[in-house]
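# Results of the structural survey
Chain by chain, the residues:
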Amino acid sequence: MYYEGPGNRGTNKALIALVIIIIAVGAFFGGSVYGSLKKQAVLNPETPAATAAGNYDRLDEVREILDSEYYKDIDPDLLVEGAIKGMVNSVGDPYTVFFNAQEYKDFNDDGDGKYVGIGVMVGIKEDKIVVISPFEGSPAYNAGIKTGDFITKVEGVPYTGQELDKAVSVIKGTEGDPVVLTIMTDGIERDVTILRASITIVNVKSEMLEGDIGLVTLLQFSSGTSAQVKEALDSLKAQGAKGYILDFRGNPGGFLDEAVNIGSLFIKEGETVIYTMDKYDQKKIYPSVGGDYIGIPLVVMIDGGSASASEVVAGALKDYGAATLVGDKSFGKGIVQMVYEVGVAEGLKVTVSSYYSPKGINIHGTGIEPDIKVLLPEDVVTPLTIDNDTQLQKAVEALRGKLK
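So, here's what we can say about the structure. (Residues numbered from 1 in each chain as written. Predicted model: local features only at pLDDT ≥ 70, side-chain atom pairs only at ≥ 80, totals over all residues. Heavy atoms only, no water.)

## What about the pattern of salt bridges?
- Under the definition given, this model contains 11 salt bridges.
- In this structure, Lys 85 engages Glu 81 in a salt bridge whose closest nitrogen and oxygen atoms are separated by 3.6 Å. Here the residue Lys 85 and the residue Glu 81 both occupy positions in helix H3 (residues 76-89), the gap between them amounting to four residues, near one helical turn.
- One salt bridge connects Glu 397 with Lys 394, and the closest N-O pair in it is separated by 3.4 Å. Of this pair, Glu 397 and Lys 394 both sit in helix H10 (residues 390-403), three residues apart, which is roughly one turn of the helix.
- Bridged by salt links that share partners, the residues Glu 81, Lys 85 and Glu 103 form one connected network. (Salt bridge = Lys/Arg side-chain N within 4 Å of Asp/Glu carboxyl O. Helix = DSSP H or I, 4+ residues; strand = E, 2+ residues; numbered from the N terminus.)

Here you go:
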């Protein structure tokens, strides 16, 4: 996720929302790109909401009837919340969501990388809840849940992609408590019981390969990730690295400023990393701030779990020829949301625009094709290492070609 300041009606956050880490303290929307517009949220007088306010008279009429005639007392706050959520849900966009105060607090809680949950990132595909990536060693990982699996039921209750937030609220819980998920793989469903556990997330890992190749693995683009990546690259360089591999596989995305800063490490200052377009044809450009690794031999690994901010960086590097992409086609998430603080510490996330790579490519629903396509063997044994990871092996081979 990306955050440039407190969200309110005057400052708001832009995001490319996709993924939720299922945790006990809340739902982290990765695959997200946040950025403050730093301008007043003004209602356009030409919009239907401004010109047809009378349409909402029916809402007041229904409220008055319920308040006076329903046979039990009604909590007015819950009534208003239900009306708002009904209005937002009627848009039919799973990424446009209203958060009550607790949900908004959870949404904004970045945490310290330690969570209680099952350790899986999920998103929406074909109006189903899809597994983007399980954390290695997590309860979900140990239960055999894999990227591309669908969660069709939680505790026996079916949930669609539109009901993602509801499903997550049920999956969250207390450490040691079980939760039953119905998992669909290749059209076949099975029930899986998973015990929630404490999970520690390490976003950036690095290691030297074959003497002069540095490998940097990014789990997600959370706050501070770009600085961690820079530190990792500097450390690998000090150890003798002459070329680098960035591993974005299973990375659902995160903060836009982190994506822009990471892309900037390899893209000339002032060049476009990403731009967005809204329904009013307003274009917003996010330029590179420049970095220390421009022109360095680089390979980026992607797969079906690489989404949003991962695709922002991978797409920009591909457009500029700054990196060779190796692996499988990425997820394909190319729309942007804004998050507004409304009411009393409540939030509204709204899809507002599409985003494009420097060459004007929007990958929503299609993803990014790698320059070198390599699939992992279906029977590959995890954890992956240089000995059995065919995608990493091809990435090393491709980088070797650049280093000659």
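Past the structure itself, the notes keep going.
## Remarks on the packing of helix H7 (residues 225-238) against helix H8 (residues 256-264)
- The interhelical angle for the contact between H7 and H8, taken along N-to-C directions, is 25°, at an axis separation of 8 Å. Classified by the angle between their axes, H7 and H8 sit roughly parallel to one another. On H8, the residues touching Thr 225, Ser 226, Ala 227 and Val 229 of H7 are Glu 258, Asn 261 and Ile 262.
- Along the lines of polarity and charge, the residues of the contact of H7 with H8 split into three nonpolar, three polar and one charged. (Axes fitted to C-alpha atoms, helices over the stretch in contact; angles between N-to-C directions. Parallel < 35°, antiparallel > 145°, perpendicular 65-115°, else oblique. Contact = heavy atoms within 4.5 Å. Nonpolar A, V, L, I, M, F, W, Y, C, P; charged D, E, K, R; others polar.)

## A short note on the packing of H8 against helix H9 (residues 309-319)
- The geometry of H8 relative to H9 is characterised by a closest axis approach of 9 Å and an angle of 25° between their N-to-C directions. In terms of axis orientation, H8 runs roughly parallel to H9. Crossing angle aside, the handedness with which H8 passes H9 is right-handed. Here Ala 259, Ile 262 and Gly 263 of H8 come into contact with H9, specifically with Ala 309, Val 312, Val 313 and Leu 317.
- Tallied by class, the residues present in the contact of H8 with H9 amount to six nonpolar, one polar and no charged. (Left-handed = near helix turned anticlockwise from the far one by under 90°.)

## Considering the pairing of strand E15 (residues 272-278)
- Counted residue by residue, E15 has five buried out of seven residues, so it is predominantly covered.
- As defined by bridge partners, E15 adjoins strand E16 (residues 283-287) across five bridges and the pair is classed as antiparallel. The partner of Met 277 across the bridge, within E16, is Lys 283.
- Strand direction decides the pairing type here: E15 and strand E20 (residues 346-356), joined by four bridges, are antiparallel. Among the inter-strand pairings, Tyr 275 is bridged to a residue of E20, identified as Tyr 356. (Buried < 20%, exposed > 50% of the residue type's maximum accessible area, 1.4 Å probe, protein only. Pairing = 2+ DSSP bridges.)

## Examining the environment of Gly 211
- Its place among the elements puts Gly 211 in the loop between strand E12 (204-209) and strand E13 (213-218).
- Expressed as a C-alpha distance, the spacing of Gly 211 and Ala 241, which sit 30 residues apart in the sequence, is 7.2 Å.
- Beyond its immediate chain neighbours, meaning those up to four positions away, Gly 211 contacts Gln 239 and Gly 240.

## Digging into H10
- Compared with an ideal rise of 1.5 Å per residue, which puts 14 residues at 20 Å, H10 spans 20 Å between its outermost C-alpha atoms and is within 8% of the ideal.
- Buried-residue contacts for H10 involve E12, E13, strand E14 (243-247), strand E17 (298-302), strand E18 (324-327) and strand E21 (372-373).
- Structurally, the start of H10 carries an N-cap: the backbone nitrogen of Gln 391 is 3.2 Å from a side-chain oxygen of Asp 389. (Expected span 1.5 Å × (residues − 1). Polar contact = N/O pair within 3.5 Å; in protein donor to acceptor, adjacent residues only side chain to side chain.)

## So, the pairing of strand E9 (residues 178-185)
- Pairing between strand E7 (residues 150-154) and E9: four bridges, direction antiparallel. Bridged to Val 154 within E9 is Leu 181.
- Bridge analysis of E9 against strand E10 (residues 188-195) gives eight bridges, and the strand direction is antiparallel. For Pro 178, the partnering residue across the bridge sits in E10 and is Leu 195.
- Once E9 ends, the chain turns through two residues before running back antiparallel as E10, passing Asp 186 with a positive phi of about 55°.

## So, the sheet that holds E12
- Overall, mixed pairing links the six strands, which are arranged E12-E13-E14-E17-E18-E21 in an open sheet. The open sheet is flanked by E12 and E21, the only strands paired with a single partner.
- Bridge count between E14 and E17: four bridges; the pairing is parallel. Residue Leu 246 lies in a different strand from E17, and its bridge partner there is Val 300.
- Running over the sheet, H9 touches E17 and E18 and is turned about 140° from E17.

## Let's talk about the packing of aromatic side chains
- Enumeration over the complete set of coordinates arrives at six aromatic pairs.
- Measuring from ring centre to ring centre gives 6.5 Å for Phe 266 and Tyr 293, while their planes differ by 50°; the resulting arrangement is tilted. Residue Phe 266 is located in the loop between H8 and E15, and its partner Tyr 293 is located in the loop between E16 and E17; the two are separated by 27 residues in the primary sequence.
- By the ring-pair criterion, three or more aromatic residues cluster together here, those being Tyr 244, Phe 266 and Tyr 293.
- Positioned above the aromatic ring of Phe 150 is the side chain of Lys 128, whose terminal nitrogen or guanidinium carbon lies 5.7 Å from the ring centre.
- Its guanidinium or amino end placed over the ring of Tyr 95, Lys 333 lies 4.0 Å from that ring's centre, counting from NZ or CZ. (Phe/Tyr/Trp six-rings, centres within 6.5 Å; stacked < 30°, edge-to-face > 60°. Lys NZ or Arg CZ within 6 Å of the ring centre and 35° of its normal.)

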